[in-house]
Amino acid sequence: MNENVERLRQWVKGSGNIVFFGGAGVSTESGIPDFRSVDGLYHQQFAYPPEIMLSHSFFVQHTEEFFDFYRKKMLAPQARPNAAHRKLAEWEQEGKLKAVITQNIDGLHQMAGSHEVLELHGSVHRNYCEKCHKFYGIESVTGTSGIPYCTCGGVIKPDVVLYEEELDNHVMQRAIQYICQADVLIIGGTSLVVYPAAGLIEAYRGDKLVLINKSPTAVDRRADLVVSGPIAEILGGL
């Protein structure tokens, strides 16, 4: 394993065009639970499955229950960036990393100092009125109970992509462009089973595809380098 980490270190050292694509596993070491691990949301007991409670239909039909679940399980305002977030921001500052593409909605990459962050699934830090489209910060949800309402009377909806909703096509196209141009693509903290985001790997044409995860994925065989372990520990040690 040390050999793999050292190879990754050398690839990073020799690259000026790194793109990072990450999922929930990037933030677990900041105390934010993922979905599919043993301790993830999919293995906890709720009145409905998480994918139902985080769907557009549920938001429309059971709005108050949606926000109750959303506040308890999707918001972590106390979370802070870990070593992985900080290392990626450092690489960007050095001119080595061109973009972070994330499935996460927690805003920790920006908090760590990253600027070019493509949020495929939106952000809990942005919320908007469905009626007048006025934007609100995260405090519009954390500082209220029940259904949050705009001053105009409209429901304030989190600017996150719910199940049954489509990803932003403009963000997807930018992500594809970055991946196409990358010489090193590092994918970490994601099981690569959620589409269409998982399909972004198909855009990579280089020969330095790196996968960093605690557990094996079905895509490992396609990688040029697989590093097993906690991503914050691995990236933080580079």
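Higher on the page you've got the structure.
These figures come from a predicted structure and were not determined experimentally.

What counts as what
Here the residue numbering is sequential within each chain, running from 1 through the sequence in written order. Under the rules for a predicted model, residues below a pLDDT of 70 receive no local features and side-chain atom pairs below 80 are neither given nor counted, while totals for whole chains, interfaces and linings still include all residues. Excluding hydrogens and water, the side-chain values take into account all heavy atoms of the structure. Put simply, DSSP marks the helices as runs of H or I at least four residues long and the strands as runs of E at least two long, and each gets a number from the N terminus on. The globule rule used for comparison is 2.2 Å times the number of residues to the exponent 0.38, while the radius of gyration itself is calculated over C-alpha atoms. Burial here depends on accessible area, computed with a 1.4 Å probe over protein chains only, as a share of the maximum for the residue type. Under 20% is buried, over 50% is exposed, and the range in between is partly exposed. The criterion used for residue contact is that any of the two residues' heavy atoms lie within 4.5 Å. Shrake-Rupley sampling with a 1.4 Å probe provides the accessible areas, and residues are treated as covered by the protein chains on show and by no other component. Neither His nor the chain ends contribute to the count of charged residues, in which Lys and Arg are positive and Asp and Glu negative. Here the site of a charge means NZ on Lys, CZ on Arg, CG on Asp, or CD on Glu. Strand pairing is defined by DSSP finding a minimum of two bridges between the two strands. The axes used here are C-alpha line fits, helices contributing only the stretch in contact, and every angle between their N-to-C directions lies in the interval 0 to 180 degrees. Between 30 and 60 degrees the pair is tilted, below 30 it is stacked and above 60 it is edge-to-face, where a pair is any two Phe, Tyr or Trp rings, Trp via its six-membered ring, whose centres lie within 6.5 Å. Charge-over-ring contacts are defined here by two conditions on Lys NZ or Arg CZ: a distance within 6 Å of the ring centre and an angle within 35 degrees of the ring normal. Salt bridges are counted wherever a side-chain nitrogen of Lys or Arg sits within 4 Å of a carboxyl oxygen of Asp or Glu.

Draft legend 1. Broad picture of the overall build of the protein chain. Tallying secondary structure elements over the protein chain gives 9 helices and 9 strands in all. Over its C-alpha atoms the protein chain spans a radius of gyration of 18 Å, differing by no more than 12% from the 18 Å that the globule rule assigns to 238 residues. Based on the C-alpha atoms only, the size of the protein chain along its principal axes is roughly 55 × 35 × 30 Å. By residue count, 50% of the 238 residues in the protein chain fall in the buried class. Contacts in the protein chain between residues at least 24 apart in sequence constitute 64% of all its contacts with a sequence separation of at least 6. By element, 50% of the accessible surface of the protein chain is carried by carbon and sulfur atoms, the whole surface being about 11,600 Å². Taking the average place of the 22 positive charges on the side chains of the protein chain and the average place of its 28 negative ones, the gap between the two points comes to 4 Å.

Draft legend 2. Here's a closer look at the sheet that holds strand β6 (residues 156-160). In space, the 3 strands of this open sheet follow the order β5-β4-β6, with antiparallel pairing throughout. Where the open sheet ends on each side, the last strands, each with one partner, are β5 (135-136) and β6. Across 5 bridges, the pairing between strand β4 (residues 122-129) and β6 is antiparallel. Bridge assignment links Tyr128 to a residue of β6, and that residue is Lys157. Each of β4 and β6 touches helix α4 (residues 63-73); the most contacted strand, β6, lies at about 50 degrees to it.

Draft legend 3. α4, seen in detail. Buried residues of α4: Thr63, Phe66, Phe67, Phe69, Tyr70 and Arg71, and no others. The inward-facing, buried residues of α4 abut α2 (50-53), α3 (56-61), β4, α7 (139-142) and β6.

Draft legend 4. Structural view of the sheet that holds strand β9 (residues 225-228). Taken in spatial order, the 6 strands make up an open sheet running β3-β2-β1-β7-β8-β9, and their pairing is parallel. Of all strands in the sheet, those bounded by a partner on one side alone are β3 (117-119) and β9. Pairs of neighbouring strands in the sheet enclose a mean axial angle of 15 degrees, with direction left out of account. In the packing of helix α1 (residues 2-13) onto the sheet, contacts are made with β1 (18-22), β7 (184-188), β8 (209-213) and β9, and the angle to β9 comes to roughly 120 degrees. In the packing of helix α8 (residues 169-181) onto the sheet, the strands contacted are β1, β2 (97-102), β3 and β7, and the crossing angle to β3 comes to about 135 degrees.

Draft legend 5. Region of interest: the pairing of β4. As paired elements, β4 and β5 share 2 bridges and run antiparallel to each other. Looking across to β5, one finds that Tyr128 is bridged to Phe135. The turn linking β4 back onto β5 is made up of 5 residues, and His133 within it adopts a positive phi angle of 70 degrees.

Draft legend 6. Structural view of the packing of aromatic side chains. Taken as a whole, this structure holds 7 aromatic pairs when the rule is applied. A ring pair is formed by Phe59 and Phe67, whose centres lie 5.9 Å apart and whose planes are at 65 degrees; its orientation type is edge-to-face. For the residue pair Phe59 and Phe67, the accessibility class agrees, reading buried in each case. Here the aromatic residues Phe59, Phe66, Phe67 and Tyr70 are joined through ring pairs into a cluster of three or more. Directly above the ring of Phe59 sits Lys157, whose terminal nitrogen or CZ lies 5.6 Å from the centroid. Sitting over the face of the ring of Trp11, Lys208 holds its NZ or CZ atom 5.9 Å from the ring centroid.

Draft legend 7. Structural detail: the pattern of salt bridges. Within the structure shown, the criterion is met by 9 salt bridges. Among the salt bridges present, the one from Glu6 reaches Arg9, with a minimum N-O distance of 3.0 Å. Highlighted residues: Glu6 and Arg9, both in helix α1, separated by 3 residues, approximately one helical turn. Look at Glu6 and you get partly exposed, because its relative accessible area is 35%. Between Arg174 and Glu116 there is a salt bridge; the shortest N-O distance is 2.5 Å. Here the residue Arg174 occupies a position in helix α8, and Glu116 occupies one in the loop between α6 (108-112) and β3, the gap between them amounting to 58 residues.

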